[in-house]
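Residue-level structure breakdown
Take a look at the letters that make up each chain.
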Amino acid sequence: MSHASNQADSVGQGKRADRGEKFARPPNPVESETPSSGASVRVKSPKQPPQRLRQPPRKPKDGKLSRGGKRRSRQRVRRAMVLTHRWVSLVAGIILLAFTTSGSVLLYQQEIIEASNPSAYAAAGGSHRVSLPRALEIVKANHPKDPPASATRLGGVIKVATVGEKNYTVDSATGRELGEAHTPEWLEFLSNFHLCFLSCEGQVGYVSFMAAEIPHTAWLTGGEENATVASLIIGGYGLILLLLVITGLWAWWPRHGRWKASVTVRWGKGRFARDTDLHKVIGLVSLPLLFLWGYTAAAFEFDPVGKLWYAITPGTEQEAPEPVSEGKGKDIAPAEAVSAARAVAPWKLTGITLPDAEDPTSTYTVSFSDGVDPYAHGSSPGNVSIAVDRHSGKATRTDSTGKEPVAQTVWLWNYPLHSGVFMNGWWRIIWLVFSLMPLALAATGLSTWLVRHKNARRKREAAAARRKGEGAAGSGRETDGHPRTRKTRTAQGGAADRAEETNGVDKAVVANVPSCSSAPVADESDGQSERP
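Residues numbered from 1 in each chain as written. Predicted model: local features only at pLDDT ≥ 70, side-chain atom pairs only at ≥ 80, totals over all residues. Heavy atoms only, no water.

**Remarks on the overall build of the chain**
Rule in force here: Helix numbers and strand numbers start at the N terminus; a helix is a DSSP run of H or I with at least 4 residues, a strand a run of E with at least 2. Each residue's exposure class comes from its accessible area (1.4 Å probe, protein chains only) as a fraction of the maximum for that residue type: buried when under 20%, exposed when over 50%, partly exposed otherwise. Only heavy atoms matter for contacts: two residues are in contact if any of them lie within 4.5 Å across the pair.
Along the backbone of the chain there are 16 helices and 10 strands. Relative to its full complement of 532 residues, the chain shows a buried share of 34%. The long-range fraction of contacts in the chain, counting pairs at least 24 apart against all pairs at least 6 apart in sequence, stands at 59%.

Okay, structure coming up:
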């Protein structure tokens, strides 16, 4: 061989050696000798693609992760968020859907009551000549055994609630009592479920266990009373909704700037792709209101959640005064209480609540609307509250001190925003649509989960079948791992039996039985094929 050819071979070997550092070489072909001819037969092993050897992880510099380490860390966090979102939705989804669906009905609670009692709200129309104190006198005269407790102006009628929890309406133009306004039982049940989780005594569906207090939970309520079972459930589901919003946003957040794909629905790519994209888009659109409902629901029940709002916003919360009636003597009349309240709040009168007959320290509560009333379209309009001493007639504003920061003023809108009573019924359709989106999220999420579950079951079945097939094929393999056909094993078994029957015959005859398969006969001593 010439010097040039030797140099070329050495260069080729060097290149192959360099490639060997990155790729694993395929196994060498195996040679065996057939006993019949004694010739060497080369059996080619099946071709395998080159496998890239895993590089050792780079050590972080100055305690910082490498780019690959950061990517793997983000993937683990995202995987945890996706699993949390999926399984929390599956476990808590039914009750959460019950909360959101019942809330969508209660958006129109007052409108449903008026539609269910057309005669009680059939006002004659005209100017409001009847005052709230006069409406209280009319109902008291008509129902002396059930004295009135409050009066609220609702459009052309005045709703008077009694101590016996009945509601009568009086025409504000004529002063005629129109009748009793009944709340449908199914609507009362939904209200008891959504607002109290069946803990409001006296309403349909009341469960005494839900009203039971849990010891050592006063820190949650921010007062002296402990939290009830119902309040823990309502507040807990508010936090669960917040968790689903946060994990859903994390799972949706597009990677590598794929913003267009993250807000596009693939309609023609099959059920899984379509429902996955719909779930993401619907969740993204409804995310602001879902966050609002979850946070306010938790804040209504858990005082620390409400305090968190003031912790992250500038300003300090100002406590409103809580006056009580002092002294003794005869109570002033409702008309006098209204006159005293008007001196403090010269706005539109919307309601009056009488003091509790059994509590001598209770006061009159007179409500006004100052023109920017977030409760204007609800069952209790009025955003300004004035407390009037039942004996002296002293009036004190209790809804505001005039020194509240902007954060507190915004927070006063928490219930109107939650219930949608700050806008009329037509605009409230927007809230209705968003309140029904959790149903669409549940449908699309359940659809994708069923597809995943079905595919996972198919993979498990395929893996089990594959293992079963490998087990059946493994019964025909020798210890060296080379396959044998059943025909070869039968021939070898017969030769072994004949060798045992003939005394003095060397057992090597058995190993020299010709094989009917193309696989080589391996030596049991070292597991390698014999070479000639």
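**Description of helix 5 (residues 185-196)**
The line we're drawing: Expected span of a helix: the number of residues minus one, times 1.5 Å.
Under the 1.5 Å per step criterion, the end-to-end length of helix 5 is 15 Å for 12 residues, consistent within 8% with the ideal 16 Å. Listed as buried for helix 5 are Leu187, Leu190, Ser191, Asn192, Phe193, His194 and Cys196.

**Observations concerning the pattern of salt bridges**
Where we set the bar: The rule for a salt bridge is simple: a side-chain nitrogen of Lys or Arg has to be within 4 Å of a carboxyl oxygen of Asp or Glu.
All chains considered together, the criterion is met by 7 salt bridges. A salt bridge links Arg134 to Glu137; its shortest N-O distance comes to 3.3 Å. Within this pair, Arg134 and its partner Glu137 are both found in helix 4 (residues 132-142), separated by 3 residues, close to a single helical turn. Arg134 gets classed as partly exposed once you look at its relative accessible area, which sits at 45%. Among the ionic pairs, Asp277 bridges to Arg266, the shortest N-O distance being 2.7 Å. Of this pair, Asp277 sits in helix 9 (residues 271-301) while Arg266 sits in the loop between helix 8 (259-262) and helix 9, placing them 11 residues apart in sequence. Assessed through its relative accessible area of 5%, Asp277 is described here as buried.

**Digging into the state of the cysteines**
What counts, and what does not: Cysteine sulfur atoms that pair up within 2.5 Å are treated as a disulfide.
Inspection of every chain in the model, using the stated rule, returns 1 disulfide. Two residues share a disulfide in this structure: Cys196 and Cys200, whose sulfurs sit 1.7 Å from each other. Looking along the S-S bond of the Cys196-Cys200 disulfide, the torsion reads about -40°, which is the left-handed sense. Both residues of the pair, Cys196 and Cys200, belong to the buried class.

**Looking at unusual backbone geometry**
With phi around 65°, Leu198 is a residue other than glycine that occupies positive phi space. Position of Leu198 among the secondary structure elements: in the loop between helix 5 and helix 6 (218-221). The phi torsion at His216 lies on the positive side, around 65°, for a residue other than glycine. Here His216 shows up in the loop between helix 5 and helix 6. A residue is classified by how much of its surface remains accessible, and His216, at 74% relative accessible area, is exposed.

**Structural notes on the confidence of the model for the chain**
Convention followed: One confidence number per residue, pLDDT, is output by the predictor and ranges from 0 to 100.
Looking at the chain, the pLDDT average stands at 80 and 76% of residues meet or exceed 70. At the low end of the mean pLDDT range in the chain sits helix 16 (residues 508-511), at 36; at the high end sits helix 5, at 95. A low-confidence stretch, residues 28-40 stays under pLDDT 50, and its non-local contacts, those more than four residues away or across chains, total 30 contacts. This stretch, residues 478-532, has a pLDDT under 50; its non-local contacts, to residues over four places away or in other chains, come to 56 contacts.

**A closer look at the pairing of strand 9 (residues 384-388)**
To be explicit about the condition: Only when DSSP finds a minimum of two bridges between them are two strands counted as paired.
Summarising burial for strand 9: 5 of the 5 residues are buried, a large majority. Along strand 9, one buried face is formed by Val384, Ile386 and Val388 and the opposite face, lined by Ser385 and Ala387, is buried too. Inspection of the sheet shows strand 8 (residues 364-369) paired to strand 9 by 5 bridges, in the antiparallel sense. Bridged to Tyr364 within strand 9 is Val388. Judged from the 3 bridges that link them, strand 9 and strand 10 (residues 395-397) form a sheet pairing that is antiparallel. Residue pairing in the sheet places Ala387 in a bridge with Thr396 of strand 10. Counting the residues that bridge the hairpin from strand 9 to strand 10 gives 6 residues, and of these Gly393 lies at a positive phi of roughly 85°.

**Side note on the packing of helix 3 (residues 109-116) against helix 5**
For any two helices packed against each other, one specifies the inter-axial angle together with the distance between the axes. Going by this rule: Axis lines are fitted to C-alpha atoms, over the contacting stretch for helices. Their N-to-C directions set the angle, which ranges from 0 to 180 degrees. Roughly parallel refers to an angle under 35 degrees, roughly antiparallel to one over 145, roughly perpendicular to one between 65 and 115, and oblique to any angle outside these ranges. Definitions for this section: a left-handed crossing has its near helix turned counterclockwise from the far helix by less than a right angle. A right-handed crossing has that turn clockwise. Residue type decides the class: Asp, Glu, Lys and Arg count as charged, Ala, Val, Leu, Ile, Met, Phe, Trp, Tyr, Cys and Pro as nonpolar, and the leftover types, Gly among them, as polar.
Running from N to C, helix 3 and helix 5 point in directions that differ by 165°, and their axes come no closer than 11 Å. In terms of their interaxial angle, helix 3 and helix 5 are classed as roughly antiparallel. For the crossing formed where helix 3 meets helix 5, the hand is left-handed. Of the residues in helix 5, those touching helix 3 at Gln109, Ile112 and Ile113 are Trp186, Leu187 and Ser191. Along the lines of polarity and charge, the residues of the contact of helix 3 with helix 5 split into 4 nonpolar, 2 polar and no charged.

**Thoughts on a positive patch on the surface**
The condition is simple: Exposure above 30% relative accessible area and the absence of a salt bridge qualify a residue for a patch, where like charges join within 9 Å and nonpolar side chains (Val, Leu, Ile, Met, Phe, Trp, Tyr) within 5 Å. We get accessible surface area from the Shrake-Rupley algorithm with a probe of 1.4 Å; when it comes to residues, only the shown protein chains can shield them. None of His or the chain ends enter the tally, which takes Lys and Arg as positive and Asp and Glu as negative. To locate a charge, the coordinates of NZ of Lys, CZ of Arg, CG of Asp or CD of Glu are taken.
Side chains of Lys70, Arg71, Arg72, Arg74, Arg76, Arg78, Arg79, Arg255, Lys280 and Arg452 sit close together on the surface and give a patch of like positive charge. The biggest single contributor to the positive patch is helix 2 (residues 67-106), with 7 residues. Along the polypeptide, Arg76 turns up in helix 2. Judged by its relative accessible area of 56%, Arg76 falls in the exposed class.

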